[in-house]
Amino acid sequence: MSTGMAVELPRLEVGEWFSTVVDWCNDNLGWLFDGIVTVGEATVEGLADGLLALPPLVLIAILALIGLFVAGWKVGLFALLGFMLIDSIELWEPAMDTLALVLVSAVVAVVISIPLGIAAARNDMVSRALRPVLDLMQTMPAFVYLIPAIFFFSIGPVPGMVATVIFAMPPGVRLTELGIRGVDPEMVEAGEAFGTPSGRILTRIQIPLAMPSIMAGVNQLIMLSLSMVVIAGMVGAGGLGEVVLGGIQRVDVAAGFEGGIAVVVLAIFLDRLTGALGDRSSVSRAAAVGI
């Protein structure tokens with residue numbers, strides 16, 4: 001029997017390196033983080049205050065009409081009944097806080113992810129560079145994002161928003177890239193043959209043809225944003241995440257279930273709206289009539 005000495009690899013202080021980077025960022029970029037906190041809190045709280053300024057029944061009617069005209073009578077009816085249920089279980093205010101946080105986070109994620117997806121589709125080097133970063137963002141446990149987010153932005157809606165944006169961005173980037181790469185090369189070549197500039201080929205040919213895939217990415221992005229509401233509640237973002245988290249901490253099944261139902265209503269409503277917007281693209285309409 002061999003009794004050879006075990007070989008141990010030296011320990012790499014990866015965590016310490018990351019901590020050093022975080023400390024450096026906080027020491028040298030504190031002004032930037034303070035600005036993000038100011039703008040982020042003002043935007044989320046301003047939108048939430050705007051939603052809450054209207055009487056619940058008035059806003060419910062508006063949301064139901066939006067669902068009706070965008071996605072059909074079934075979604076309009078669901079919005080009417082679903083949001084009335086939220087109001088009846090006295091979760092209207094946290095639901096609007098959550099809706100504001102999700103909408104702001106989703107807009108920020110879309111504004112970042114779609115240009116990155118376009119850049120990745122048009123440049124293979126960008127695509128190769130983004131792929132491992134997106135893999136890391138998608139597979140890293142969401143709780144890990146909260147550690148530097150709290151360190152940079154303290155407690156409140158902003159660290160929850162930042163963690164949500166990071167967690168939700170990858171499908172927006174990937175599906176935008178996939179959609180643009182999936183455009184028939186002959187369509188692009190036809191535009192180039194007529195002397196169309198590269199920018200117009202992108203805006204007039206590639207993006208419209210890729211719109212179903214891009215909207216699918218936006219849809220997934222919004223769903224992932226909603227999945228982060230409980231985690232956002234852990235860092236003082238409030239809303240339905242705080243309700244669900246309180247139910248977990250107190251082992252209050254009723255409160256946790258009611259908070260979860262409210263999240264489900266928001267998720268289904270936003271999912272049907274974004275899905276309907278994707279179906280309204282010229283490509284989807286053409287496919288529906290068999291063109």
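Here's what I pulled together on the structure shown here. (Residues numbered from 1 in each chain as written. Predicted model: local features only at pLDDT ≥ 70, side-chain atom pairs only at ≥ 80, totals over all residues. Heavy atoms only, no water.)

## Quick word on the nonpolar core
Part 1 of the reasoning: Judged by nonpolar contacts, the single largest core of 56 residues is most densely connected at Phe-83, Ile-86, Met-96 and Phe-269.
Part 2 of the reasoning: Here this core takes eleven residues from helix H5 (residues 92-122), the largest share from any one element.
Part 3 of the reasoning: Setting aside its immediate chain neighbours within four residues, Met-96 contacts Ala-48, Leu-51, Leu-52, Leu-59 and Phe-83.
Part 4 of the reasoning: Ranked by size, the runner-up nonpolar core spans eleven residues in total, among them Ile-118, Ile-180, Val-183 and Ile-214. (Core = buried A, V, L, I, M, F, W, Y, C linked by side-chain atoms within 4.5 Å. Buried < 20%, exposed > 50% of the residue type's maximum accessible area, 1.4 Å probe, protein only. Helix = DSSP H or I, 4+ residues; strand = E, 2+ residues; numbered from the N terminus. Contact = heavy atoms within 4.5 Å.)

## Side note on a negative patch on the surface
Part 1 of the reasoning: A surface patch of negative charge is lined by Asp-184, Glu-186, Glu-189 and Glu-192.
Part 2 of the reasoning: By secondary structure assignment, the location of Glu-192 is in helix H9 (residues 185-193). (Patch = residues over 30% accessible without salt bridge, like charges linked within 9 Å, V, L, I, M, F, W, Y side chains within 5 Å. Areas by Shrake-Rupley, 256 points an atom, 1.4 Å probe, with all protein chains shown as cover. Salt bridge = Lys/Arg side-chain N within 4 Å of Asp/Glu carboxyl O. Lys, Arg positive; Asp, Glu negative; His and termini not counted. Charge placed at Lys NZ, Arg CZ, Asp CG, Glu CD.)

## As for the packing of aromatic side chains
Part 1 of the reasoning: Within this structure, the stated rule accounts for two aromatic pairs.
Part 2 of the reasoning: Ring centres 6.2 Å apart and planes at 80° place the aromatic pair Phe-83 and Trp-92 in the edge-to-face group.
Part 3 of the reasoning: For Phe-83, a relative accessible area of 0% corresponds to the buried category.
Part 4 of the reasoning: Aromatic side chains Phe-83 and Phe-269 sit 5.3 Å apart centroid to centroid with 85° between the ring planes, which places their arrangement in the edge-to-face category. In this pair, Phe-83 is assigned in helix H4 (residues 73-88) and Phe-269 in helix H13 (residues 253-279), connecting sequence segments 186 residues apart.
Part 5 of the reasoning: Members of the aromatic cluster, joined through ring pairs, are Phe-83, Trp-92 and Phe-269. (Phe/Tyr/Trp six-rings, centres within 6.5 Å; stacked < 30°, edge-to-face > 60°.)

## What about the side chain of Ser-113?
Part 1 of the reasoning: Summarising the element assignment, Ser-113 is placed in helix H5.
Part 2 of the reasoning: Excluding residues within four positions of it along the chain, Ser-113 makes contact with Met-169, Gly-172, Val-173 and Leu-221.

## Let's talk about unusual backbone geometry
The bulk of non-glycine residues show a negative phi, and the bulk of peptide bonds are trans.
Part 1 of the reasoning: Backbone geometry places Glu-90, a non-glycine residue, at a positive phi of 60°.
Part 2 of the reasoning: Here Glu-90 shows up in the loop between H4 and H5.
Part 3 of the reasoning: Judged by relative accessible area, which is 72%, Glu-90 ranks as exposed.

## A word on the pattern of salt bridges
Part 1 of the reasoning: Counted under the stated rule, the structure contains four salt bridges.
Part 2 of the reasoning: In this structure, Asp-124 and Arg-181 form a salt bridge, with 2.9 Å as the shortest nitrogen-oxygen distance. Within this pair, whereas Asp-124 is found in helix H6 (residues 124-139), its partner Arg-181 is found in helix H8 (residues 157-181), the two being separated by 57 residues in sequence.
Part 3 of the reasoning: Looking at Asp-124, the relative accessible area reads 44%, which means it is partly exposed.
Part 4 of the reasoning: Assessed through its relative accessible area of 40%, Arg-181 is described here as partly exposed.
Part 5 of the reasoning: When the shortest N-O distance is used, the salt bridge between Asp-271 and Arg-272 registers 2.4 Å.
Part 6 of the reasoning: According to the relative accessible area criterion, Arg-272 is partly exposed, its value standing at 41%.
Part 7 of the reasoning: Bridged by salt links that share partners, the residues Asp-124, Glu-177 and Arg-181 form one connected network.

## Concerning the environment of Met-234
Part 1 of the reasoning: Within the secondary structure, Met-234 sits in helix H11 (residues 229-234).
Part 2 of the reasoning: Between the C-alpha atoms of Met-234 and Leu-146, which are 88 residues apart in sequence, the distance is 9.2 Å.
Part 3 of the reasoning: With residues up to four places along the chain from it excluded, the contact list for Met-234 reads Phe-143 and Leu-245.

## So, helix H3 (residues 56-71)
Part 1 of the reasoning: For H3, built from 16 residues, the straight-helix expectation of 22 Å at 1.5 Å per residue is met to within 8% by its first-to-last C-alpha distance of 22 Å.
Part 2 of the reasoning: Buried residues of H3: Leu-59, Ile-60, Leu-63, Ala-64 and Gly-67, and no others. In a view along the axis of H3, the buried residues occupy a sector of 140°, so they form one face of it.
Part 3 of the reasoning: Following H3 by one or two positions, Gly-72 has its phi on the positive side, about 110°. (Expected span 1.5 Å × (residues − 1). Arc of directions from axis to C-beta.)

## Overview of the packing of H5 against helix H10 (residues 198-227)
Part 1 of the reasoning: Contact geometry of H5 with H10 gives a least axis separation of 9 Å together with a crossing angle of 140°. In terms of orientation, H5 and H10 fall into the oblique class. As for the relative orientation of H5 and H10, their crossing is right-handed in sense. Here Thr-98, Val-102, Ala-106, Ala-109, Val-110, Ser-113, Ile-114, Ile-118 and Arg-122 of H5 come into contact with H10, specifically with Ser-198, Leu-202, Gln-206, Ile-207, Ile-214, Val-218, Leu-221, Ile-222, Ser-225 and Leu-226.
Part 2 of the reasoning: Here the contact of H5 with H10 is composed, by residue class, of 13 nonpolar, five polar and one charged. (Axes fitted to C-alpha atoms, helices over the stretch in contact; angles between N-to-C directions. Parallel < 35°, antiparallel > 145°, perpendicular 65-115°, else oblique. Left-handed = near helix turned anticlockwise from the far one by under 90°. Nonpolar A, V, L, I, M, F, W, Y, C, P; charged D, E, K, R; others polar.)

Just distances and angles here, no functional claims.
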